[in-house]
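# Residue-level structural notes
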Amino acid sequence: MPVSCFRCPVLHENDRIADVTETKKKRNSEIDMIHGPLLPAILKFAIPVMLSALLQIAFNAADTIVVGKFSGQQALAAVGATGAIINMAVSLFIGISMGANIVIATQIGSGRKERIHDSVHTSYFLAIAGGIILTLVGYFIAPLLLKAIKTPEDILDLASLYTRIYFLGSIPLLVYDFGSAILRAKGDTVRPTIYMTISGILNIILNLYTVIVLKMSVAGVAIATVVSQTLSAILVTIALCRDSSDIHLDLRKIRLDSSLSSQILRIGIPAGLQSMMWALSNIAIQSSLNTYGSVIVAGNSAGQNIESFVYISMQGFNQACITFISQNYGARDRKRIRQVFNITLLLNIAVAFLAGLVINMNGDLFMSFYTNDPEVIDAASWRLKYVVFWLFLNAALDIPASAMRGVGVANLPTVIMVGGIVGVRIAYIATVWNAMPTLPVLYLCFPVSWTITCILMFASWYRTYRKLTI
């Protein structure tokens, strides 16, 4: 008997056991979104997303905490001053990754297996191409924007250094985001959380080493971020290459499919532009904040970081809303779409409200992790009171926006967001804040804009749902 035809019975049995074990692991990590009870499935999907976001925010907070504690107020303010610029630059491409998630999830729901494979490879092409563009834009233009928004002179050089190093990690940043979006499209939210945990632990270790031991200040935390992002990108890529389902990735087959890229971009670009415009309004707010000096900027930076912990609850249910509705839209189940909307809406509002309430009741405790400066703590307390507490309004408006994108309506939520968030905030700053230029009045532009946008978004979703032809 030829050697190639012989299989040891013991090895054969071991292979069979390994295959069964791998199948069980996949069943445990994947979620059936178009059959069975919705609430447990949504929670199973959303909780790992929330944990992943929590870890990401915690690891980003590590940057702020380490520089605030060991490099001083100026370093803390410098890292915080870059947030609006970084968010604006990254937002477009994160929106495109959302488009990839929606397209692939819809294909899974409709059973179009032949297109899932091509969508995965097109998504990776877009991630790499977007990373190259973002690297160039971030490295050369972001420092100019920092100066344009009146970043205080005493932190401008540090802030510019941080942004330049940060954007050198744009390719791994987008590869991880697109890879995670692909896994989420089939209901796997566990593995991205594991990869975020591993890379985040590395980020904290490198933060402490580069800042405390090497005395590298903001450069150290930026380098730590790039290295940890690279690790997470490698891990998610390996996972997709080893996946035996329809989302299997073959690095040799990464290429652009024009029709699929058009679908992804048609949904993703409006979502990305919306986030960019949102970030643009925050840049206008940051520019106004910068006029108060570096102490207020530092307090806002710490308050903003704490605020991010409320967003983690919202992110989990927003992602669940998009992905569940996309799959059920592909499966043409109108009733289930409505049920997904109602469940994710109630969960999003409840969790955001409770998180905001807890943070406000324990503001000094949370702030003590960032700084010991009483002036900075006092400055942060204003953001907690006038912004963080009212984030449940933001949670409410995000669900109809996510639902519309889930059924392929991409432009309408973007137009509403740009008008209701960006337009209202810029008009508010130009009129109300200019007339009464106090910090509380400036922060009130957040709940005002959320309330107006919420009303418009709900009206648009109900109109969209009534017109669904499925």
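## A look at a nonpolar patch on the surface
Taken together, the side chains of Ile128, Ile132, Ile133, Leu136, Val137, Tyr139, Phe140, Ile141, Leu168 and Ile171 make up a nonpolar region of the molecular surface, amounting to roughly 850 Å² of accessible area. Looking at the nonpolar patch element by element, the count peaks at 7 residues for helix α5 (residues 113-140). Along the chain, Ile132 turns up in helix α5.

## With respect to the confidence of the model for the chain
Of all residues in the chain, 94% have pLDDT values of 70 or greater, and the mean over the chain is 86. In this model, residues 1-27 is a region of pLDDT below 50 whose contacts with residues beyond four sequence positions or in other chains number 6 contacts.

## Points about the packing of aromatic side chains
The full count for this structure, using the stated rule, is 15 aromatic pairs. Look at Phe45 and Phe324: their rings are 5.7 Å apart centre to centre, the planes differ by 85°, and that puts the pair in the edge-to-face class. Here Phe45 is found in helix α2 (residues 38-70), whereas its partner Phe324 is found in helix α12 (residues 294-330), with 279 residues between them in sequence. In terms of burial, Phe45 and Phe324 fall into one category: buried.

## Side note on the nonpolar core
In terms of nonpolar packing, the biggest core is built from 70 residues, with Tyr162 and Phe167 touching the most fellow members. Looking at this core element by element, the count peaks at 13 residues for helix α4 (residues 83-110). Once residues within four sequence positions are removed from consideration, Tyr162 is found in contact with Asp63, Val79, Thr82, Ile86, Val218, Val221, Ala222 and Thr225. Grouped together as the second largest cluster of nonpolar side chains are 68 residues, Met33, Met50, Ile377 and Tyr386 included.

## Considering the side chain of Thr135
Relative to the assigned elements, Thr135 resides in helix α5. Those residues within four positions of Thr135 in sequence are excluded, and the remaining contacts are Phe167, Leu168, Ser170 and Ile171.

Cut-offs used in this document
- Residues numbered from 1 in each chain as written.
- Predicted model: local features only at pLDDT ≥ 70, side-chain atom pairs only at ≥ 80, totals over all residues.
- Heavy atoms only, no water.
- Patch = residues over 30% accessible without salt bridge, like charges linked within 9 Å, V, L, I, M, F, W, Y side chains within 5 Å.
- Areas by Shrake-Rupley, 256 points an atom, 1.4 Å probe, with all protein chains shown as cover.
- Salt bridge = Lys/Arg side-chain N within 4 Å of Asp/Glu carboxyl O.
- Helix = DSSP H or I, 4+ residues; strand = E, 2+ residues; numbered from the N terminus.
- pLDDT = per-residue confidence, 0-100.
- Contact = heavy atoms within 4.5 Å.
- Phe/Tyr/Trp six-rings, centres within 6.5 Å; stacked < 30°, edge-to-face > 60°.
- Buried < 20%, exposed > 50% of the residue type's maximum accessible area, 1.4 Å probe, protein only.
- Core = buried A, V, L, I, M, F, W, Y, C linked by side-chain atoms within 4.5 Å.

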